2 protein chains.
Amino acid sequence: MLSVADAVNAVLREARPLDVESRLLTDAQDLALAETVRADWDSPPFDKSLVDGFAVRIADGSLSLPIVAIVSAGEVPNHSVEAGVAVQIMTGAPLPNGTEVVVPIELTREQIGDDRQRRVEITTDISRWKPGTNIVRRGASTRVGDVVVEVGTVLRPQELGAIAELCGSVVQVRRPTRVAVLATGDELVPIEQTPGPGQIRNSNEIMLCAQVHRAGGEPVPLGVARDERAELHSRIAAGLSADVLVLSGGVSMGEKDLVPSELTAAGVRKVFHKVNVKPGKPIWFGVLDRADSSRCLVFGLPGNPVSSMVCFELFVRPALRRLMGIEPAESHVISAQLTQAHTTKGDRPTYHPSRMECLPTGAVVTPVPWVGSSDLRATVAANCMALFPIGDSMYAAGTGVDVVEW
Amino acid sequence: MLSVADAVNAVLREARPLDVESRLLTDAQDLALAETVRADWDSPPFDKSLVDGFAVRIADGSLSLPIVAIVSAGEVPNHSVEAGVAVQIMTGAPLPNGTEVVVPIELTREQIGDDRQRRVEITTDISRWKPGTNIVRRGASTRVGDVVVEVGTVLRPQELGAIAELCGSVVQVRRPTRVAVLATGDELVPIEQTPGPGQIRNSNEIMLCAQVHRAGGEPVPLGVARDERAELHSRIAAGLSADVLVLSGGVSMGEKDLVPSELTAAGVRKVFHKVNVKPGKPIWFGVLDRADSSRCLVFGLPGNPVSSMVCFELFVRPALRRLMGIEPAESHVISAQLTQAHTTKGDRPTYHPSRMECLPTGAVVTPVPWVGSSDLRATVAANCMALFPIGDSMYAAGTGVDVVEW
């Protein structure tokens, strides 16, 4: 049976970055840049004051100086700082020519001279101040042409701010991935209904849609398809218009597990069926190649909720990263020490819902009590999955295990 | 001057959780529960099969058994498992009475008997299997009344799924916080414009709005107010209708720093002005108490972009957590070791943009090269801020410092 690593590689081989599109920066949060953005100008764009105060020459520090001009942020200085004068200046305002230092207003005293002109007296000794004190020079942090944000970076608040300041209001990004979500199974009822005997609610749709949303994709919920060929056929056809179709249920060995054959009938090329993993062994993956050379990646996830959730994080999430241009697309694996002994049962590598914490002494992880793949409530206490590579084994406290954060 | 800790406490003393509202679960992702949710029924709601296979009695393992019924998921079994018969069963289907174990279909062989009835032969020795093998019992993971999700929990995919399965489709949550964002300054132009001499773009609005969004709030961008009383007055009045008003700029010592006086004139009660922190010293905080006993928290952040960003994370973010019912509201502080020596200058505790990583040996942090509070580009390389509590000091590699993730 395929290993998880081989299965992830098989998925990523089929996943290609989606189209690039121009977007307003205000509409690009959490998308990935499809270009490397460079500065269109220096930052700061001019020498400027870091404080509210007075622009002077150092040698004039002990004099009472006439205030010959005021320059506020947004203005252009119309007066130079000559010997024996001061220019009042506000934080962020452009520096007048001739300025050596800016003395903060807190270190000055203002007077009115005999000529009724405002004057300033500096109340501290500035004779040993270095030229440039309380001044930031043009280009001090960024020069024209410097890289502001690298291609493939996800746009967080600081990237949006830095691009807005230095480059402009439009960026090239990979468009968000549309992910259709289709739950299958005669036992499923919508979550607003009370289940009858033998029935359960379709909790996978809301969970998988939330996982898509968190991954930066656009979920397209398609409801429940009964285990019946005609209904599956039409719902699958609808789902195949998305970039990714995620199904849950119908991929096991049962007589009503019609998903693989219906996908094949719809023209989806099977890449693999079954992976050596717990939970999630029956997972199915294939690709629809369209005439326009675009494609739909199709994941048939096992229907038990924790199987669906874990398989989404293991296999669908990396695919979404690749589609949206985020590299590396592979899951970020952290090594953490078990806080307590742990026993796994069964013959497959197991991803156990766990709670990870980063301590000064290292990352630690605690598997949460978990009954099995139908026990979604257990994952409420978890923030990661911990890999126990061998089944039927006992892991001592302190053992290092691989962890993937959710 | 107020310490950061005292300032955060002062903010949190004024911040009260917002109203509770009923929401469709499908519209509640990333909001915080305002109720503790308990299970309305057992999970699983009935004894069910974990595999596709045959429900039998252990003693019958060596016989060829007639298949007297088939039960699929979503059905109710209409036949018991008596001695000497098998019931075919699908994954997730309710267990027929009398079942002792379910034998996976892979470990069986099907035959057609002389009477043309389907029969099954078990190809493995099940005589030492325990009763309950491949069966999950009703209530195994959750019983009626068990806590599913605690009050104050932020709704992630797994919480949404677990509540959908066990409780229903409507939850009580704290409503999202509306946060008005108003940049002030004559030097600012909108981000789609090319700045003239002495001007810069209003990059704070998009950055602060993105920070609000990431914190689960609803940003209300109000554009730029010039440093002029009439304009500030009307924009502030508009912003005060939100739950939180975040201003940037206009809180320093300059002649055009009109924000504090205009806020006071608008009825905002000052709580503090200035905090002993770098960047961000001039921060102003106050509260508007409305006649209906609701309030607006007002933050005047310094205008330099990194000051705005850091002050948002230090002071506004905890307030948003408290308003949205997320506890603890205080920032989560991680202790990490410096990967390299680091020197701070100046007389204030400094939050330096840094890159944190969680290694098996412990959390480590590297301050990024950073020119100062106007150098937003530096924060693109950062994922946290590291606190250097004493100014003008040298910290050796390996020193433990407090880190807050962004």
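Keep in mind the model is a prediction, meaning the values are calculated, not measured. (Residues numbered from 1 in each chain as written. Chains lettered and ligands numbered in written order. Predicted model: local features only at pLDDT ≥ 70, side-chain atom pairs only at ≥ 80, totals over all residues. Heavy atoms only, no water.)

S.K.: I'm lost on the environment of B:Asn9 in this one. Help?
M.R.: In this fold, B:Asn9 is placed in helix α1 (residues 4–14). When the C-alpha positions of B:Asn9 and B:Ala319 are compared, they lie 9.8 Å apart, and in sequence the two are 310 residues distant. (Helix = DSSP H or I, 4+ residues; strand = E, 2+ residues; numbered from the N terminus.)

S.K.: How do you make sense of the interface of chain A and chain B when you look at a structure like this?
M.R.: Quite often, the size of an interface is put as the accessible area lost when its parts meet. In this complex, chain A contributes 87 residues to the contact, which on the side of chain B involves 88 residues. Regarding the contact of chain A and chain B, the summed buried area is about 6,900 Å², with carbon and sulfur atoms giving 60% of it. Taken together, the connections running from chain A to chain B amount to two salt bridges. Across the pair B:Arg377 and A:Asp146 runs a salt bridge, and its minimum N-O distance is 3.5 Å. Between chain A and chain B we count 20 residue pairs in polar contact (both at pLDDT 80 or more) in total. Taken together, the elements giving at least two residues each to the side of chain A that touches chain B come down to β11 (147–149), α2 (157–166), β15 (200–201), α3 (203–214), β21 (333–338), β23 (350–359) and β24 (362–367) of chain A. In terms of residue count, α2(A) provides more of the side of chain A that touches chain B than any other element does, 10 residues in total. (Contact = heavy atoms within 4.5 Å. Buried area = accessible area lost by both parts, 1.4 Å probe. Salt bridge = Lys/Arg side-chain N within 4 Å of Asp/Glu carboxyl O. Polar contact = N/O pair within 3.5 Å; in protein donor to acceptor, adjacent residues only side chain to side chain.)

S.K.: How do you make sense of the packing of aromatic side chains when you look at a structure like this?
M.R.: Two aromatic rings are characterised by how far apart their centres lie and by the angle between their planes. Enumeration according to the criterion identifies eight aromatic pairs over all chains in this entry. Judged by centre distance (4.8 Å) and plane angle (35°), the rings of B:Phe285 and B:Phe299 are tilted. Of this pair, B:Phe285 sits in strand β19 (residues 284–289) while B:Phe299 sits in strand β20 (residues 295–301); the two residues are 14 residues apart in sequence, bridging distant segments of the chain. Classification of B:Phe285 by relative accessible area gives buried; the value is 0%. Chaining the aromatic ring pairs together yields one cluster made of A:Phe272, A:Phe285, A:Phe299 and A:Phe315. (Phe/Tyr/Trp six-rings, centres within 6.5 Å; stacked < 30°, edge-to-face > 60°. Buried < 20%, exposed > 50% of the residue type's maximum accessible area, 1.4 Å probe, protein only.)

S.K.: Can you help me understand the sheet that holds strand β4 (residues 53–56) of chain B in this one?
M.R.: Across a sheet, paired strands are connected by hydrogen bonds in the backbone, their directions being either parallel or antiparallel. Residue and element names in this part refer to chain B. If you walk across this open sheet you meet the six strands as β7-β4-β6-β5-β9-β8, and the pairing is mixed. Only two strands of the sheet have a single partner each, and these edge strands are β7 (101–104) and β8 (108–112). Put simply, the sheet's adjacent strands are angled 40° from each other on average, direction ignored. Sheet analysis places β8 next to strand β9 (residues 118–122), joined by five bridges and oriented antiparallel. Bridged to Thr108 within β9 is Ile122. (Pairing = 2+ DSSP bridges. Axes fitted to C-alpha atoms, helices over the stretch in contact; angles between N-to-C directions.)

S.K.: Looking at this structure, I do not really get the sheet that holds strand β18 (residues 269–273) of chain A. What am I missing?
M.R.: Residues and elements named next belong to chain A. Pairing in this open sheet of six strands is mixed, and the strands run β16-β13-β17-β20-β19-β18 from one edge to the other. The open sheet has two free edges, formed respectively by β16 (218–225) and β18, since each of these has just one partner strand. The mean angle between the axes of side-by-side strands here comes to 15°, regardless of whether they run parallel or antiparallel. In the sheet, strand β19 (residues 284–289) pairs with strand β20 (residues 295–301) via six bridges, with the strands oriented antiparallel.

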